[in-house]
Structures are given as structure tokens and as C-alpha cells.
Amino acid sequence: NLVRDLQSRVAVLTKEQEGTAAARAQGIIDRLSAPVGLLPMTGPAVTVSLTDAPQEGNEEANPDDLVVHQQDLQAVINAMWRGGALGVQVMDQRLINTSAVRCVGNTLILQGRVYSPPFVVTAVGDRAKIERELAHDDYLHGYRAAVEFFGLGYEQTSQTAVTIPGFDGPLNLTHAEPIPAKEGRS
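Draft legend 1. Up close: the pattern of salt bridges. As enumerated under the stated definition, the model contains three salt bridges in all. With a closest N to O distance of 3.1 Å, Glu-133 and Arg-82 form a salt bridge. Separated by 51 residues along the polypeptide, Glu-133 in helix H4 (residues 127-136) and Arg-82 in helix H3 (residues 70-82) bring together distant segments of the chain. On the basis of relative accessible area, Glu-133 is assigned to the partly exposed category, the value being 26%. Among the residues examined, Arg-82 registers a relative accessible area of 45% and is labelled partly exposed. The salt bridge partner of Asp-92 is Arg-113, with a shortest N-O separation of 3.5 Å. A residue pair is termed long-range when its members are at least 10 positions apart, and Asp-92 in the loop between strand S2 (87-90) and strand S3 (93-94) and Arg-113 in strand S6 (residues 113-115) qualify at 21 residues. Judged by relative accessible area, Arg-113 falls into the partly exposed class, the value being 35%. Here the residues in one salt-bridge network are Arg-82, Glu-133 and Asp-137, joined through shared partners.

This is how it looks when you write it as C-alpha cells:
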């Protein structure tokens with residue numbers, strides 16, 4: 001009975017808020033939550049997993065050539081976005097416009113968490129378009145050559161339905177700088 005009474009009271013209070021500035025603001029928040037990545041997303045997906053090369057058989061190689069670098073991850077992510085990804089997840093975290101993928105040595109730092117390889121990137125969207133961008137990306141051609149030469153890991157799979165989480169971290173910007181206008185443009 002207590003739960004029903006509370007639910008009834010919430011319904012009355014919610015009804016009273018209709019048309020208020022707070023209700024209008026909440027409506028805007030609700031409409032924007034999905035496009036900015038705050039809600040989970042389910043759909044067809046492409047997943048790429050990147051792994052460091054083994055030391056064995058690469059004793060003469062530069063150690064720098066045997067690890068997955070930040071630019072390798074960024075190339076995969078950017079190709080997925082260019083392919084029309086509706087949402088991208090790196091490891092267990094959804095990317096949003098303020099996300100920064102950073103590598104230190106052979107670890108990934110993403111939104112305050114540290115990850116070790118393999119690094120897994122999943123994009124929800126049109127699989128054919130995402131796969132096409134991954135296949136034709138110039139940087140990734142070079143990475144796949146290193147896969148053959150050094151044994152770096154690159155595994156790409158396609159799924160009919162995957163759910164990626166909504167972003168659950170802070171939304172505050174801590175630093176921003178305006179981009180200077182180019183001459184001749186207003």
C-alpha cells in the first residue's frame with residue numbers, strides 16, 4: 001500500500017509539473033540523451049580487437065613496433081565514425097564528444113580507467129559501411145602490414161545485434177580553446 005500511495009503521489013506531482021520550465025528542460029534532456037551517447041544503443045555492429053605482438057620471434061625488432069599505439073586505436077575509431085557509426089564503445093566505455101583515447105606505453109587510459117591489451121572497439125551502425133572504411137583506411141593498411149610482419153593482433157568481427165552502454169561519466173568540460181578563424185572566412 002505504501003508503494004502504491006507513493007506512486008500515486010509521484011503521478012500527481014508529475015502532472016502538476018507539465019508545462020513548467022523544468023518539464024520543458026527535462027523534455028530537451030530526454031530528446032538529446034540518445035544522440036549524445038547517454039543511453040544504451042542496440043544494433044548491428046563491427047568489433048575490432050588490437051593486440052600487442054609477441055616478443056618471441058621479434059627479438060631483433062624495435063620494441064616500439066611490437067605494441068598497439070594510441071594512433072592505431074584512433075585510426076580504428078575514426079574509420080568507424082567515417083563509416084557512419086551511430087555509437088562507439090572502447091573496452092567497456094561509450095565514447096562521447098569529450099572522450100580522449102590516450103595510450104601510455106602499452107596501456108590505454110580512457111576516462112580515468114587504465115586498460116591493457118587486447119583493446120576492443122565496437123561500433124553500432126551500418127556494418128557494410130563501417131567495414132568498407134576499415135578496409136580502405138590508409139593508416140590501417142600500414143597497421144595490417146605490421147600485423148603480418150611483427151604479429152600484431154588485428155581481429156575484426158561482425159555481429160547482428162550488440163548493445164553498447166550509455167556514457168556514465170562526468171559531462172563537464174574542463175578545458176576548451178576556440179579555433180582561430182581562417183583568413184578569408186567569417
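Now that the structure has been shown, we can carry on.
Draft legend 2. Summary view of the packing of aromatic side chains. If you walk through the whole model with that rule in mind, you get two aromatic pairs. Between Tyr-143 and Tyr-154, the aromatic rings sit 6.2 Å apart at their centres with planes inclined by 55°, giving tilted as the arrangement. In this pair, Tyr-143 sits in helix H5 (residues 138-150) while Tyr-154 sits in strand S8 (residues 153-164), placing the two residues 11 residues apart along the sequence. Tyr-143 sits in the buried class, given a relative accessible area of 4%. You can call Tyr-154 buried: its relative accessible area is 18%. On the numbers, 4.8 Å between centres and 85° between planes, the contact of Phe-149 with Phe-150 is edge-to-face. The aromatic ring of Tyr-154 is capped on one face by Arg-144, whose charged end is 5.2 Å from the ring centroid.

Draft legend 3. Region of interest: the sheet that holds S6. Taken in spatial order, the three strands make up an open sheet running S4-S5-S6, and their pairing is antiparallel. For this open sheet the edge positions go to strand S4 (101-104) and S6, each flanked by a neighbour on one side alone. Pairs of neighbouring strands in the sheet enclose a mean axial angle of 30°, with direction left out of account. Pairing between S4 and strand S5 (residues 107-110): four bridges, direction antiparallel. Across the sheet, the residue bridging to Val-104 is Thr-107, located in S5. Relative to S4, H3 is tilted by about 155°, and along the sheet it contacts S4 and S5.

Draft legend 4. Summary view of the environment of Glu-155. Looking at where Glu-155 falls in the secondary structure, it is placed in strand S8. With 104 residues separating them in the primary sequence, Glu-155 and Thr-51 have C-alpha atoms 8.7 Å apart. Discounting chain neighbours no more than four positions away, the residues touching Glu-155 are Thr-47, Val-48 and Ser-49.

Draft legend 5. Seen up close, H5. Here H5 contains 13 residues, and its C-alpha end-to-end distance of 19 Å stays within 8% of the 18 Å for a straight helix at 1.5 Å per residue. When we look at burial in H5, the residues that qualify are Leu-140, Tyr-143, Ala-146, Val-147 and Phe-150. Down the axis, H5 shows its buried residues gathered within 110° of arc, on one side only. Opposite the packed face of H5, turned more than 90 degrees from it, sit the exposed residues Asp-138, Glu-148 and Phe-149. Elements in contact with the buried residues of H5: strand S1 (41-51), H3, H4 and S8.

About the cut-offs
Residues numbered from 1 in each chain as written. Predicted model: local features only at pLDDT ≥ 70, side-chain atom pairs only at ≥ 80, totals over all residues. Heavy atoms only, no water. Salt bridge = Lys/Arg side-chain N within 4 Å of Asp/Glu carboxyl O. Helix = DSSP H or I, 4+ residues; strand = E, 2+ residues; numbered from the N terminus. Buried < 20%, exposed > 50% of the residue type's maximum accessible area, 1.4 Å probe, protein only. Phe/Tyr/Trp six-rings, centres within 6.5 Å; stacked < 30°, edge-to-face > 60°. Lys NZ or Arg CZ within 6 Å of the ring centre and 35° of its normal. Pairing = 2+ DSSP bridges. Axes fitted to C-alpha atoms, helices over the stretch in contact; angles between N-to-C directions. Contact = heavy atoms within 4.5 Å. Expected span 1.5 Å × (residues − 1). Arc of directions from axis to C-beta.

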